[in-house]
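An overview of the molecular structure
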Amino acid sequence: MQKDTITFDTVTAYCDFFGFAVRHPLVAVVEFSKKEQIKEHCAQWGVYALFLKQTKGCSINYGRTRYDYDNQSVVCIGPGQYTETRVTESDAVPKSIGLIFHPDLLFRTSLAQKMRQYTFFGYESKEALHLSADETSNVEDCLRRIAKELSHPIDKFSKKLIVSNIELLLEYCMRYYSRQFEVREVLNAGIMARFDRMLDEYVNDGGALASGLPNVKYFADRIALSANYFGDLVKREAGVTAQDYIQEKLLGRAKMLLLSDGANVSQTAYSLGFQYPQHFIRFFKRKTGVTPREFINAN
């Protein structure tokens, strides 16, 4: 039976649903330590959330894959995401501590401009961050400091101190995700090889002609990763963004087609997925400094 969807578009809406006191309208630190605190629900999010899960006991589903929380893991949720939470059959008491904050909290702060770099808010649940004991301690310390600040009456220093601790927390997550990518180097290499093969097939075997220009989401979906996680993985492994990687493949294929017998600029453009030859000409010149016709003549 489909559950009704709860909209968590404010910190108050989240706290009211779970019965937590609201100390600040734009930010809260919540702690789950009892089985009855966990409610099965579906949610549409309009706020940021970061949960440090310390035991098993519930599962969260967003994207395409369900993930049963392991001990000492972090899951991040961003505005616009949809989640489904279920209580798992376990005798363990699910323990977790979470940070919920509204985008308005960051208004006129340097962190507002940096939020785009924290791409893990767009990852899927199976791409959770798994922590060592020391890493868990650092994450928990940040959350405790924010909670302690929220226990004081709001004054002119409150926002700066809260936001600075949130930024520190997110920087720790960036560091630990970087470590996790390194640990999964063999797995990541396999994903890159699969991506490379799929991209070659798409560009060379008529996929672009049938479906249009290849994009990051297309390949992320087929590899069963979120676009953000997939993009970060490609950038770490290849040194360029996933979009740039795709465009370099297109450019290589374009050069080969243009230098083949009976080369035709328009046919080349359509075979690579460009809707109009003019778009292909602009793309080619931006990448090489010459038009396709100038490239043909020069070679």
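Note that the structure is predicted; figures quoted are calculated from it, not measured.

**Some remarks on the overall build of the chain**
Counting its secondary structure elements, the chain contains twelve helices and ten strands. Taken over 299 residues, the chain has a buried fraction of 45%. Taking all contacts inside the chain whose residues are at least 6 apart in sequence as the whole, residues at least 24 apart take part in 73%. In the form shown here, the chain has an accessible surface area of approximately 15,200 Å², with 50% of it arising from carbon and sulfur atoms.

**A closer look at the packing of helix α5 (residues 185–204) against helix α8 (residues 227–238)**
One can describe the packing of α5 onto α8 by two numbers: an axis separation of 10 Å at closest approach and a directional angle of 100°. The angle between α5 and α8 places the two elements in the roughly perpendicular class. Residues Asn-188, Ala-189, Ile-191, Met-192 and Phe-195 of α5 touch α8, and the partners they reach there are Phe-230, Leu-233, Val-234, Glu-237 and Ala-238. Taken together, the residues of the contact of α5 with α8 break down into eight nonpolar, one polar and one charged.

**Details of α8**
Taking 1.5 Å of rise per residue, the twelve residues of α8 would be expected to cover 16 Å, and the 16 Å separating its terminal C-alpha atoms lies within 8% of that figure. Within the sequence span of α8, burial applies to Tyr-229, Phe-230, Gly-231, Leu-233 and Val-234. Where α8 is buried, its residues contact α4 (158–183), α5, α7 (216–223) and α9 (242–258). Downstream of α8 by a residue or two, Gly-239 has a phi angle that is positive, lying close to 85°.

**A few points about unusual backbone geometry**
The phi angle at Arg-108 is positive, at roughly 65°, despite the residue not being glycine. Along the chain, the position of Arg-108 falls in the loop between β9 (96–101) and α2 (110–114). Since its relative accessible area comes to 76%, Arg-108 is described here as exposed. In the Ramachandran plot, Ala-224 falls in the positive-phi region, its phi being about 65° despite a non-glycine side chain. Relative to the elements of secondary structure, Ala-224 occurs in the loop between α7 and α8.

**A closer look at the pairing of strand β7 (residues 73–77)**
For β7, a buried count of five out of five residues is recorded, marking the element as mostly surrounded by other parts of the structure. Of the two faces of β7, the one lined by Ser-73, Val-75 and Ile-77 and the one lined by Val-74 and Cys-76 are each fully buried. Strand direction decides the pairing type here: strand β4 (residues 48–53) and β7, joined by five bridges, are antiparallel. Paired with Leu-52 across the bridge in β7 is Val-74. Here β7 pairs with strand β10 (residues 129–130) via two bridges, running antiparallel. Residue pairing across strands places Val-74 opposite Leu-129, the latter belonging to β10.

What counts and how
- Residue positions are counted from 1 within each chain, in the order its sequence is given.
- At least 70 in pLDDT is required for a residue's local features to be given in this predicted model, at least 80 for side-chain atom pairs to be given and counted, and no such filter applies to totals for whole chains, interfaces and linings, which use all residues.
- Hydrogens and water molecules were not included; the side-chain quantities draw on all heavy atoms of the structure.
- Per the convention used, a helix needs a DSSP run of H or I reaching at least four residues, while a strand needs a run of E reaching at least two, with both numbered from the N terminus.
- Type-normalised accessible area, obtained with a 1.4 Å probe on protein chains alone, sets the label of each residue: buried when under 20%, exposed when over 50%, and partly exposed for intermediate values.
- Here a residue-residue contact requires only that any non-hydrogen atoms of the pair lie within 4.5 Å.
- Residue exposure ignores everything except the shown protein chains as possible cover, and the areas themselves are Shrake-Rupley values with a 1.4 Å probe.
- Every axis corresponds to a line fitted to the C-alpha atoms, with the helix fit spanning only the stretch in contact, and the corresponding angles, defined between N-to-C directions, vary from 0 to 180 degrees.
- Roughly parallel here means an angle under 35 degrees, roughly antiparallel means over 145, roughly perpendicular means 65 to 115, and every remaining angle is called oblique.
- Think of it as three bins: nonpolar holds Ala, Val, Leu, Ile, Met, Phe, Trp, Tyr, Cys and Pro, charged holds Asp, Glu, Lys and Arg, and polar takes everything else, Gly as well.
- Expected span of a helix, by definition, is 1.5 Å for each gap between consecutive residues, and there is one gap fewer than residues.
- Two strands are said to pair when DSSP picks up at least two bridges between them.

Note that every value here comes from positions in space, so none of it alone points to a role or purpose.
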